[in-house]
Amino acid sequence: MTVTPMTVTPAPASAPVAEGDRAMVELQGVTKRYGEVDALKRVDLTIRKGEFVTLLGPSGSGKSTLLNLIAGMITPSSGRIVIDGRDATTLPTNQRGLGMVFQNYALMPHMTVFENIAFPLQVRHLPKDEIKRKVEQVLDLIQLGHVAGRRPRELSGGQQQRISLARCIVYNPALILMDEPLGALDKNLREQMQLEIKRLHADLGITMLYVTHDQDEALTMSDRIVLMNGGKIEQQGKPDELYFKPATVFSAEFIGSSNLIPGIVEAGGVSGLSLRTAIGTFPVPAADFAVSTGDKAMLLVRPENMTLTGGPGVTSVSGRIDDSILLGGVVRHFVRCKDQSTIIVQELNQPDRPIAKRGDEVRAGWPPAHARLLPPSVPH
Amino acid sequence: MAQSGTASELSLPSALMLLAPLTLLMLAILVYPLALTVWTSVYPGQFSLQAYTELLSSTLFLKVLKNTFEISLSGTLVSLLVGYPVAMHLAAQPPSRRTAYLIMVMLPFWTSILVKSFALAAVFGNQGLVNQLLGFVSGGQINLPMMFNRVGVILGMINFLLPFMILSILGSLLAQDRTLILAAETMGAKPLRIFWKITLPLSLPGVVAGVLINITLSIGMYITPALLGGRQDMMVANLVDFYTRQTLDWTAASATAVVLLLISGLLVALLGKVRGASGLSGAVA
């Protein structure tokens, strides 16, 4: 970088807009150890400003540990945490300038809704009239202005969680952390709240980090999903990427349903590769990972990419219908192959579709381009 | 009857039979003496409320009553100020260590109040451990009179009252949702604000219960003021003893006892109210 002669003061050490300037949170090699167990193993993660990132994973995968590390409720055993350009590795929670939404809402039972939302503003020593204005404003935003004088226990679960969201939004933190915030709500309310949180994120542009074990919730809400497994990041990417391009068997099984057929890689097919399995040899698309003939690998085909009707250029495997269930808009067929493994085929439900009966001989087919080659699963 | 099970319902005769032994015992050792006390206070030969009117106009009684309130209120206050931090510390411990600490809190109950009073005299008396230490450190300059005065009574009293205070505050601290503190911290609140705005208000039912239990227990105290207090620290129970054994005025003694009982009863009733109301304020007492 050149310093122009026009500059009177010494040039500030401003680098070109680096990734670091746009990052809200950066985790660098963060490990959290509990006794002998590593809850988190050398995790690197960057969350960009304004992004909606979801930490998805089964219980014990380390997603809550990661969230608590960022919140400052625990400190890492090693590694570094940078929040908004500031090293926050050992910074106390109350100095991190975060917002957090808890699964149990964590509203103060002895305060009214108004007092609850005013609390973070009082912490910031705002004048009374400004507090009143801001609280009313945010109550309008979530359309709960009429409950300002009530106590949390007089509200429904969904209302309480909206109040707890409002309590975060009102002081405009740079980052809002959400720990399974909709876990205690029933399905309809959960879907409604997902959209509401998404709307608030779009309107306010606050960076949000969301923890859930519910893949549908992650797919619905996120800009980016970080899939966690055994204290590590298994895979991260846009919802589409994670769904259509899972990198591992774990990713494929955790998000969406999947048919996984183990086999040995051979030469052949359009891409130059095919997979020899117990139920036949199938052409496969080029792999994302280093693979050579003779390697073990796994073939992934999503049930909705399969049909029973066949057609030109379709790879297929023969089997017998074990069961065929109607799920409303879709029909799911369970096809028993000759090695007794089951392949699931999901088709759209049409009024004139042929009804599959138990025992029918069928061919479950898929376009080879819709299949995906994965490395064999390795135990963690 | 809402209950459908017949096994849980007793016929009236068998219920009465099961209750009879305890009822008889209570009649013999509680109701009869109590009735006798009330009777003695209003029937010194013929029916008369004179004992009560005399009592309420007696300077001695009013002074002793004032003493009693002063001592039990200040004892309760000290017990609250000392007990609250202990309860907070206990609430912050992991359960296994808390159990061990709780045993230490309960330890005073394992010793008779008489033995404890003498032990306190040995520790806090003019030649006691504390004064010997103070004298040693100050070169004989300092000797605090801590026994056979108000300080002695309160020391002896809080030794007995503290466990009740600690346990009832601990209950309402443990009932608090820990995520409330975490939430307040993420919102930027400092520990002092969290204490004043969240921890303390949510523990109030426990505090009120502890205070009422303490006052109720201390207001009828007899041994402690008798052994550790001075002549100025007579309490109502000591006055009953005085009328009974020194002046042999059993009518006055009975009337005094009845007044003390009424005051305690009133406090217990109040205590019940607070416990019932605690559900509304968000914590369990």
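The rules behind these values
Residues numbered from 1 in each chain as written. Chains lettered and ligands numbered in written order. Predicted model: local features only at pLDDT ≥ 70, side-chain atom pairs only at ≥ 80, totals over all residues. UniProt positions renumbered as here; feature names shortened; annotations may be inferred. pLDDT = per-residue confidence, 0-100. Contact = placed C-beta atoms within 7 Å. Core = buried A, V, L, I, M, F, W, Y, C linked by C-beta atoms within 7 Å. Buried ≥ 20, exposed ≤ 12 C-beta atoms within 10 Å, placed from the backbone. Domains from an automatic or database assignment. Pairing = 2+ DSSP bridges. Helix = DSSP H or I, 4+ residues; strand = E, 2+ residues; numbered from the N terminus. Axes fitted to C-alpha atoms, helices over the stretch in contact; angles between N-to-C directions.

Chain B goes by ABC-type spermidine/putrescine transport system permease subunit I in an unreviewed UniProt entry, where it is assigned to Bosea psychrotolerans. The record in UniProt for chain B states the following under Sequence similarities (unreviewed entry): "Belongs to the binding-protein-dependent transport system permease family. CysTW subfamily." Quoted straight from UniProt, the Subcellular location (unreviewed entry) entry for chain B says "Cell membrane".

The name given to chain A in an unreviewed UniProt entry is Putative spermidine/putrescine transport system ATP-binding protein, with Bosea psychrotolerans as the source organism. Within the UniProt record for chain A, the comment given under Subcellular location (unreviewed entry) is "Cell inner membrane".

Enquirer: Which residues make up the confidence of the model for chain B, and what are the values?
Expert: Residues and elements named next belong to chain B. When pLDDT is averaged across chain B, the result is 88; 93% of the residues are at 70 or more. Counted against residues more than four places away or in other chains, residues 1-5, with its pLDDT under 50, gives three contacts. Confidence over residues 277-285 falls short of pLDDT 50; this stretch has 26 contacts with residues more than four positions distant or in other chains. Scoring the predicted complex yields pTM 0.79 and, for the interface, ipTM 0.80.

Enquirer: Would you mind going over the nonpolar core in detail, with residue names and values included?
Expert: If you look at the biggest cluster of nonpolar residues, it comprises 72 residues, and the most contacted ones within it are Ile70, Leu177, Leu209 and Val226 of chain A. Each residue touching Leu177 of chain A, except ones within four places of it in the same chain, is listed here: Leu67, Ile70, Ala71, Leu98, Met100 and Leu209 of chain A. Counting residues in hydrophobic clusters, the runner-up holds 50 residues, among them Phe124, Ile154, Ile158 and Met221 of chain B.

Enquirer: Lay out the domain arrangement of chain A in plain terms, naming residues and giving numbers.
Expert: Taken as a whole, chain A is organised into domain 1 (19-244) and domain 2 (257-374). Relative to domain 2 of chain A, the C-alpha centre of domain 1 of chain A lies at a distance of 40 Å.

Enquirer: A description of the sheet that holds strand S17 (residues 342-348) of chain A should follow, citing residues and the corresponding values.
Expert: Residues and elements named next belong to chain A. A sheet is described by the order of its strands in space; here four strands give the open sequence S17-S16-S15-S18, paired in antiparallel fashion. At either end of the open sheet lies a strand with only one pairing partner, and these are S17 and strand S18 (361-366). Each strand of the sheet is rotated relative to its neighbour by a mean of 50°, with strand direction disregarded. Pairing of strand S15 (residues 315-326) with S18, which is carried by six bridges, proceeds in the antiparallel orientation. Along S18, the bridge assignment pairs Val317 with Ala364.

Enquirer: Report on the pairing of strand S3 (residues 52-56) of chain A, specifying residues and quantitative values.
Expert: Residue and element names in this part refer to chain A. The buried fraction of S3 amounts to five of the five residues, a majority that puts the element mostly inside the structure. The alternating pattern of S3 places Phe52, Thr54 and Leu56 and Val53 and Leu55 on opposite faces, both of which are buried. Relative to strand S8 (residues 207-212), S3 is paired through five bridges, and the arrangement is parallel. Residue Phe52 lies in a different strand from S8, and its bridge partner there is Met208. Across four bridges, the pairing between S3 and strand S9 (residues 224-229) is parallel.

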